[in-house]
Amino acid sequence: MVSVAASEFLLVAAALVIGLVFFGLTQALIIPQYAFTLAEQQARTLASASFISVSPPDIGTNGYSFVVYPYIPGFNGNVTVFMFEEPASLLPSIAVLTPQSSSTSFSASFPNGTSMTKVTVGPIYDTNGHELTESITGYTLPANYPFVISGTIPKGEILIIWVIYSTGNYYFRIAYTYTTG
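Presented here is an overview of the structure given in this document.

Each value, and the rule that gives it
Residues numbered from 1 in each chain as written. Predicted model: local features only at pLDDT ≥ 70, side-chain atom pairs only at ≥ 80, totals over all residues. Heavy atoms only, no water. Helix = DSSP H or I, 4+ residues; strand = E, 2+ residues; numbered from the N terminus. Rg over C-alpha atoms; globule rule 2.2 N^0.38 Å. Buried < 20%, exposed > 50% of the residue type's maximum accessible area, 1.4 Å probe, protein only. Contact = heavy atoms within 4.5 Å. Pairing = 2+ DSSP bridges.

**Digging into the overall build of the chain**
Phase 1 of the analysis: Broken down by element type, the chain carries one helix and twelve strands.
Phase 2 of the analysis: Helices and strands in the chain line up, N terminus first, as α-β-β-β-β-β-β-β-β-β-β-β-β.
Phase 3 of the analysis: For 181 residues, the compact-globule estimate of 2.2 N^0.38 gives 16 Å, and the C-alpha radius of gyration of the chain, at 24 Å, exceeds that figure by more than 25%.
Phase 4 of the analysis: Principal axes of the C-alpha set define a box for the chain whose edges measure 95 × 35 × 25 Å.
Phase 5 of the analysis: Counting every position in the chain, which comprises 181 residues, the buried fraction comes to 36%.
Phase 6 of the analysis: Residue pairs in contact within the chain that sit at least 24 positions apart in sequence constitute 67% of those at least 6 positions apart.

**Comments concerning the sheet that holds strand β8 (residues 131–133)**
Phase 1 of the analysis: Strands sit in the order β6-β9-β4-β11-β12-β7-β8 across an open sheet of seven strands; the sheet is mixed. Each having just a single partner strand, β6 (117–121) and β8 make up the two edges of the open sheet.
Phase 2 of the analysis: Relative to strand β9 (residues 136–142), β6 runs antiparallel, the two being bridged by five bridges. Counterpart to Thr-120 in the pairing with β9 is Thr-137.

See below:
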């Protein structure tokens, strides 16, 4: 009689341990993947309606200035923008180009001249879940708000502009464009 009670207790304990292990694996593996997939889907939805408008360059004594307008219909949060240069010969590969440096050499400000806040974000993914870069330092601003980029673009180079959307702890490039000097 004692051995039956002991074996039943061991079965209950084993079932409890197996349940706890399964719960732990679910928490550690499945839930983070679900969160990433959900964030990726949100980014893809925003990206499908987003676009960036860039003005012709205004040539001044300190280089070029461009007014940039990232438009994301129905989105009222903040985005991060990042700019980097690449040779114009790489233009056909613009979708997969990544910055060689994690900081931008271009400055950004609001149209009234107020400086924008610099932030470091990353890793950055495209809307298909591929990691583009580990981290970057860009500028944060409200979506659907114009800003001014200033800097010098060497001859034969293009300026690539990324718009990065943050959801949870994930960052996605939802729009990109380029301009020349």
